[in-house]
Amino acid sequence: MTPTSLPALEAQVRARPLPRHVAVIMDGNGRWAEARGLPRVAGHREGAESVRAVVRTARRIGLPALTLYAFSLQNWARPADEVGALMALLADFLESERGEMRQNAIRLHAIGDLSRLPEPVRRQLALVMAETRDNGGMILTLALSYGGREELVQAARAAAAAGPVTEASLEAHLWTAGLPELDLLVRTSGERRISNFLLWQAAYAELHFTDVLFPDFRDEAFLSAIADFQGRQRRFGLTGAQLAAQGGPDR
Ligand code: IPE
Ligand code: IPE
Ligand code: MG
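What you see is a predicted model; the values in this text were computed from it and never measured.

### Quick notes on the site of ligand 1
Near ligand 1 there are 13 residues, and of these Asp27, Gly30, Arg31, Arg40 and Arg78 occur at the shortest range. Between ligand 1 and Gly28, the relevant distance is 3.4 Å, taken from an oxygen atom to a main-chain nitrogen or oxygen of the residue. With respect to ligand 1, the side chain of Arg78 contributes an N or O atom lying 2.7 Å from an oxygen atom. With respect to the pocket detection grid, ligand 1 is positioned in the largest pocket. Of all the elements in the fold, those that place two or more residues in the shell around ligand 1 are helix H2 (29-34), helix H3 (40-61) and helix H4 (80-103). Here the element with the most residues in the shell around ligand 1 is H2; it accounts for 3 residues. Residue composition of the shell around ligand 1, grouped by class: 3 nonpolar, 5 polar and 5 charged.

### Observations concerning empty space enclosed by the protein
Applying the stated rule across the entire model yields 2 cavities of 30 Å³ or more. Roughly 50 Å³ of volume is contained in the second largest cavity. What lines the second largest cavity is simply Arg52, Val55, Arg56, Phe93, Glu97, Glu100, Met101, Ile106 and Leu140. Take the lining of the second largest cavity: its biggest share by element is 4 residues, from H4. Residue classes in the lining of the second largest cavity are distributed as 5 nonpolar, no polar and 4 charged.

### Remarks on the pairing of strand E4 (residues 138-146)
Within E4, 9 of the 9 residues are buried, which leaves the element mostly enclosed by the surrounding structure. As defined by bridge partners, strand E2 (residues 65-72) adjoins E4 across 7 bridges and the pair is classed as parallel. Looking at E4, one finds that Phe71 is bridged to Leu144. By the bridge criterion, 6 bridges tie strand E3 (residues 106-111) to E4 in an arrangement that is parallel. The partner of Ala110 across the bridge, within E4, is Leu142. The parallel pair E3 and E4, bridged by helix H5 (residues 119-132), forms a crossover whose chirality is left-handed.

The rules behind these values
- Residues numbered from 1 in each chain as written.
- Chains lettered and ligands numbered in written order.
- Predicted model: local features only at pLDDT ≥ 70, side-chain atom pairs only at ≥ 80, totals over all residues.
- Heavy atoms only, no water.
- Near = heavy atom within 4 Å.
- Polar contact = N/O pair within 3.5 Å; in protein donor to acceptor, adjacent residues only side chain to side chain.
- 1 Å grid on protein atoms, 1.4 Å probe; cavity = no way out; pocket = protein on both sides within 12 Å on 5 of 7 lines; lining within 4 Å.
- Sits in = over half its atoms within 2 Å of the grid points.
- Helix = DSSP H or I, 4+ residues; strand = E, 2+ residues; numbered from the N terminus.
- Nonpolar A, V, L, I, M, F, W, Y, C, P; charged D, E, K, R; others polar.
- Points joined across faces, edges and corners; volume = space filled by probe spheres on them.
- Buried < 20%, exposed > 50% of the residue type's maximum accessible area, 1.4 Å probe, protein only.
- Pairing = 2+ DSSP bridges.
- Right-handed = clockwise from strand over helix to strand, strands pointing away.

Rendered as structure tokens:
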């Protein structure tokens, strides 16, 4: 079952139903740098290369939606120079990937309390989102200044203001409204926690944890996570026998 090469792994992944929506908690940049005696920002820079690689691969295999946790609301409490470096890298990423997003029909979306982002980042984000809004290839969502509890509080307030709160009305006010159901949630760097990410959306997501630090998370690690997902049986509360009677374990 272990593929011998990256092309074989990719072929294996392409041959089976893909998750509709994959989210990644991109963790371990700091430890990657510290292990090399480098400043933490060097890890963030290398992590940005992993983002490029993962986005490219996700698009190539035809993933409908990819969501990347790039900066949490809690991350604002990090040292100011690290926050500044992350914001600068984000602006660079948006600028350097604009052309590729347009060429590859990627639609950029962002979730989180975007009002807290520095003005140049907000401007750049608005520009690329506007430029790519009609693209139908893949929705790339960046979670920036994002917190799952904070998302739920604002959704609950908005839903209550609009009428009776139901599962559907609350969901319609989440920042992720309109995205496909989250099928797979990946976290890198060996931590086994959610850290306030997509708390509602992860209700039935499959979880994949890898020890790989995000700067090393490239095609092999990403495709392996999807292959892992493809081998799971999702039961959604039913029994294995009920699923078999319905004709298979997929989705
Ligand atoms: C993830 O890497 C990037 C962000 C949270 C912005 P970290 O910076 O958290 O790296 P570690 O966890 O300290 O290694
Ligand atoms: C989660 O990583 C947030 C992002 C990856 C953006 P953290 O490094 O902030 O999470 P904790 O602090 O280990 O829970
Ligand atoms: Mg971390």
